[in-house]
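Letter by letter, the chains look like this.
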Amino acid sequence: MNQYCLKCGANLKKILKEGFQHSVCHSCGWTYYNNPRPCVTGVIYQKQNILFIRRLTPPGKGKWDFPGGFMEIGEHPDQALQREIREEIGCTLSHFRQLGFYPDYYDTDKQIPILNIVYLCQIHNDPQNRSDEFDQWTWFPISDLPETIAFQAMKNIIHDALFVIEHDFSVQNEK
Ligand SMILES: [Zn+2]
């Protein structure tokens, strides 16, 4: 979180406003709202397997994560998802639909709040490693998913994704 005012450079002090913590400049009164940053995540599944990537960089270095990333200015979440999946694993999506919204933190100090917009996806082509942010990708069977996951909200995401996958008729047909 910012320590200094982005308008005048004086120190910010923390205040509670309607139950939420923000930072206010003691000199000019400017308020820093540490609002959640939107990011997109793709839970990619194929025949009872889910794709995970292993992070090479903090946060969650060495832990399993889903492909995805932060939204750019002016992007629709659907576009951000397609861009991130293409950039990170070189895949185009054959299907995607929103699973839900998952508030989380990007860092372990809980200074960077995020709003994760999560999609269930299927891909056309095999993944490739195109990013320096992870060192490998793996299909995990849904009966044996990794325990060492990079972000707190992934537990809820996995729970909800499995529910939808297991109740989805088109996926049932692939068994
Ligand atoms: Zn100021």
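Residues numbered from 1 in each chain as written. Predicted model: local features only at pLDDT ≥ 70, side-chain atom pairs only at ≥ 80, totals over all residues. Heavy atoms only, no water.

Moving on: the nonpolar core. Grouped together as the largest cluster of nonpolar side chains are 23 residues, with contacts concentrated most on Val-43, Ile-50, Phe-52, Phe-66 and Ile-157. Elements supplying a minimum of two residues to this core: strand 4 (37-46), strand 5 (49-55), strand 8 (93-105), strand 9 (113-123) and helix 2 (154-167). Element by element, the count of residues in this core is highest for helix 2, at six residues. Among residues more than four places away in sequence, those in contact with Ile-50 are Val-43, Ile-44, Tyr-45, Phe-66, Thr-138, Trp-139, Phe-140, Ile-142, Leu-145, Leu-162 and Ile-165. By size, the runner-up hydrophobic cluster in this structure holds 15 residues, among which are Leu-51, Ala-80, Leu-81 and Phe-134. (Core = buried A, V, L, I, M, F, W, Y, C linked by side-chain atoms within 4.5 Å. Buried < 20%, exposed > 50% of the residue type's maximum accessible area, 1.4 Å probe, protein only. Helix = DSSP H or I, 4+ residues; strand = E, 2+ residues; numbered from the N terminus. Contact = heavy atoms within 4.5 Å.)

Moving on to the sheet that holds strand 1 (residues 12-17). Read from one edge to the other, the open sheet built from three strands follows the order 1-2-3, with strand pairing classed as antiparallel. For this open sheet the edge positions go to strand 1 and strand 3 (31-32), each flanked by a neighbour on one side alone. As defined by bridge partners, strand 1 adjoins strand 2 (residues 20-25) across six bridges and the pair is classed as antiparallel. Within the sheet, the bridge partner assigned to Lys-14 lies in strand 2 and is Ser-23. (Pairing = 2+ DSSP bridges.)

Looking at the zinc ion, one finds its protein donor set to be Cys-5 (SG), Cys-8 (SG), Cys-25 (SG) and Cys-28 (SG), positioned 2.3 to 2.4 Å from the metal centre. For the zinc ion, the four donor atoms are set out with angles of 102 to 117° between them, so the coordination reads as tetrahedral. Within one chain, the residues serving as donors to the zinc ion are arranged as C-x2-C-x16-C-x2-C. With Cys-5 in the segment before strand 1 and Cys-28 in the loop between strand 2 and strand 3, this residue pair connects regions lying 23 residues apart in the sequence. Relative accessible area serves as the criterion here: at 5%, Cys-5 is assigned to the buried category. (Donors = N, O, S within 2.8 Å, 3.2 Å for Na, K, Ca; no water. Tetrahedral: all angles 85-135°; square planar, octahedral: opposite > 155°, others 65-115°.)

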